[in-house]
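Results of the structural survey
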Amino acid sequence: MQDGTDPYTLSLSELSPAQWLEEMREIGESFGFFEPLGPRHNAVFVEKGDTLLVSFESLPAIQALSEDGRPVGFDLAQSHDWSCLTVICNRDTWFREDEVYGFFDQMTDDGFFDDFEQVIFFGAGPCGYAACAFSVASPGATVIALEPQATLDPRVTEWDDRFTHMRRTDFTERYGYAPDMLDGAKDTYVIYDPSDRLGAMHAALFERSGVTRFRARHLGGGMQLNLMEMGVIEDLVAAAAQGTLDTNLFAKMYRARRTHAPYCKKLFATVEQLDRPRLAEAACAYIAGHFGAPRYRRKLKALRQALATDTEDTADDGAKP
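Some thoughts on the overall build of the protein
Counting its secondary structure elements, the protein contains 13 helices and 8 strands. The burial tally for the protein puts 49% of its 321 residues in the buried class. Within the protein, contacts between residues separated by at least 24 positions form 67% of all contacts whose residues are at least 6 apart in sequence. Placing the 32 positive and 50 negative side-chain charges of the protein at their respective mean positions leaves the two points 12 Å apart.

Below, the structure written as C-alpha cells:
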C-alpha cells in the first residue's frame, strides 16, 4: 500500500483470504488500528470524520459482493468521509465469541465511541444480528439491519430450521438477544421481506419502541446485494444517519425495484405460482419489454396463447344452449 492512498478506494480483489487480511492489517496500522479477535474474527479501524460507521461483515460476502474486494462499510464511509470500524468474520458466526465480547467491552471502557458525534451500526443477515446486538456498547447509536435474526436460541426460535448447526451456540449470555440490546439505541431500522416467512418472524421479534420496520418484498435471502445493485443502499444509510428515513422516503427509494431485474423475476415467479394468469402475463410482458430476456419472451408467448385459448373456451361455453 502506497503512502497517501485513500484506504477506502484501494482495490483488494483477486487476493487469497490470507493476503486480504494482510492488506487489512496494513490499512489498520496506517490509518487507525487492526486487531485480531481470536481465530475467526478481526477488527480494522480507519479514522476519518466525526461520524463512525460500525460495519459487521463476513469475508466470503465481501469477496462475493464487491468487485474491488472492499468491505461494504468502506464504500459507505467513503461517500460521507466517515470513520469506519469494520468487524469481520471468516464465515457466518453471528459474532458469538468471547474475544468479540471482550473487544466491545474494551471499546466501551476506553470511551472509544464517545469520541464521535454520531455512531451508526450496520449489518445484514447474521451481521445484521451483530449490528443490533453490539449497538448496546454505544448508547444513542443509530442501527440499520437488513433481514437480521433476533436470536438462534432454539428455545425462542425453534421454528427456524435454516441454521441448525448453530443451535449449540450460546445466545443467552452477554450481547445475546438482539432486540433487547436495542433499548439504548437512538433509532433502529429493520428492513425485511414479508414474503420470507422465517425472516419475517424474526423481524416481528424486533417490534418495540424505537424500532422502525420496513417491508422489502421479494428481496429476502440477498437483500444487501439487491439494494446495492438498485443503487439505494448509500442513500438509505445516509437518510438513517440524518434521521430523515421514514415510511414515505423508504417507499420512494424502493421504487428502484421496478428497474431491477431480479426483483421483477421474483415477482413473476410468485404470481405464476398463485395461478393468476393475467397478472403473470402483465409481469412477464414488463420483464420482456424492459430487460429483453429471450426466456421471458417465450414465456409471454405461451401465456398469451393460453389466455386466448381460455377466452375462446369461455365464449364457446357461453354460446351453448
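After presenting the structure, the write-up continues.
Describing the pairing of strand β8 (residues 211-215)
Where strand β7 (residues 187-192) meets β8, 5 bridges bridge the pair, whose relative direction is parallel. From the neighbouring strand, I191 faces β8, where its bridge partner is F214. One crossover worth recording links β7 to the parallel β8 by way of helix α7 (residues 197-204), and it is right-handed.

Thoughts on the environment of Y192
Secondary-structure assignment places Y192 in strand β7. Judged by its relative accessible area of 9%, Y192 is buried. When the C-alpha atoms of Y192 and L146 are compared, they prove to be 6.3 Å apart, with 46 residues separating the residues in sequence. The residues contacting Y192, other than those within four sequence positions of it, are A200, A203, R213, F214, R215, A216 and M223.

Regarding unusual backbone geometry
Of note in this structure, E14 is not a glycine but carries a positive phi near 60°. Relative to the helices and strands, E14 is located in the segment before α1 (17-31). Residue F95 is not a glycine yet carries a positive backbone phi of 60°. With respect to the helices and strands, F95 occurs in the loop between β4 (83-89) and α4 (98-109). The class for F95 is buried, based on a relative accessible area of 0%.

Comments concerning helix α11 (residues 261-273)
Owing to its 3.6 residues per turn, the α-helix brings residues three or four apart onto one side. With 13 residues, α11 should cover 18 Å at 1.5 Å per step; its first-to-last C-alpha distance of 18 Å lies within 8% of that length. Those residues of α11 not exposed but buried are A261, Y263, C264, F268 and V271. Taken end-on, α11 shows its buried residues confined to a sector of 160°, consistent with a single buried face. One or two residues past the end of α11 sits D275, with phi positive at roughly 55°.

Things to note about the sheet that holds strand β6 (residues 142-146)
Read across the sheet, 8 strands follow the order β1-β2-β4-β3-β5-β6-β7-β8 without closing on themselves; strand pairing throughout is mixed. Edge strands, defined here as strands with exactly one partner in the open sheet, are β1 (32-36) and β8. Neighbour to neighbour, the strand axes of the sheet diverge by 10° on average, direction disregarded. Pairing of strand β2 (residues 41-46) with β4 involves 6 bridges; the strand directions are antiparallel. Looking at the pairing, V46 lines up with C84 of β4. Seen against the sheet, helix α3 (residues 72-80) touches β2, β3 (51-58), β4 and β5 (118-124) and runs at an angle of roughly 160° to β3. Contacting β3, β5 and β6, helix α5 (residues 126-134) runs over the sheet at an angle of about 150° to β5.

Considering the pattern of salt bridges
Within this structure, the stated rule accounts for 14 salt bridges. The shortest N-O distance in the salt bridge between R304 and E281 comes to 2.7 Å. In this pair, R304 sits in helix α13 (residues 294-319) while E281 sits in helix α12 (residues 277-291), placing the two residues 23 residues apart along the sequence. Under the relative-accessibility criterion, E281 is labelled buried at 16%. Here the salt bridges share partners, and the residues they tie into one network are D6, K48 and D81.

Considering the packing of α11 against α12
Relative orientation of the contacting elements α11 and α12 amounts to 160°, with a least axis distance of 9 Å. One way to sum up the angle between α11 and α12 is to call them roughly antiparallel. The two elements α11 and α12 cross, and the hand of that crossing is left-handed. Residue-level contacts link A261, C264, K265, F268, V271 and E272 of α11 to L279, A280, A283, C284, Y286, I287 and F291 of α12.

Thoughts on the side chain of E97
On the secondary structure map, E97 appears in the loop between β4 and α4. Judged by relative accessible area, E97 falls into the buried class, the value being 13%. Among the polar contacts made by the side chain of E97, one reaches the side chain of H41 at a distance of 3.4 Å.

Reading the values: rules and limits
Residues numbered from 1 in each chain as written. Predicted model: local features only at pLDDT ≥ 70, side-chain atom pairs only at ≥ 80, totals over all residues. Heavy atoms only, no water. Helix = DSSP H or I, 4+ residues; strand = E, 2+ residues; numbered from the N terminus. Buried < 20%, exposed > 50% of the residue type's maximum accessible area, 1.4 Å probe, protein only. Contact = heavy atoms within 4.5 Å. Lys, Arg positive; Asp, Glu negative; His and termini not counted. Charge placed at Lys NZ, Arg CZ, Asp CG, Glu CD. Pairing = 2+ DSSP bridges. Right-handed = clockwise from strand over helix to strand, strands pointing away. Expected span 1.5 Å × (residues − 1). Arc of directions from axis to C-beta. Axes fitted to C-alpha atoms, helices over the stretch in contact; angles between N-to-C directions. Salt bridge = Lys/Arg side-chain N within 4 Å of Asp/Glu carboxyl O. Parallel < 35°, antiparallel > 145°, perpendicular 65-115°, else oblique. Left-handed = near helix turned anticlockwise from the far one by under 90°. Polar contact = N/O pair within 3.5 Å; in protein donor to acceptor, adjacent residues only side chain to side chain.

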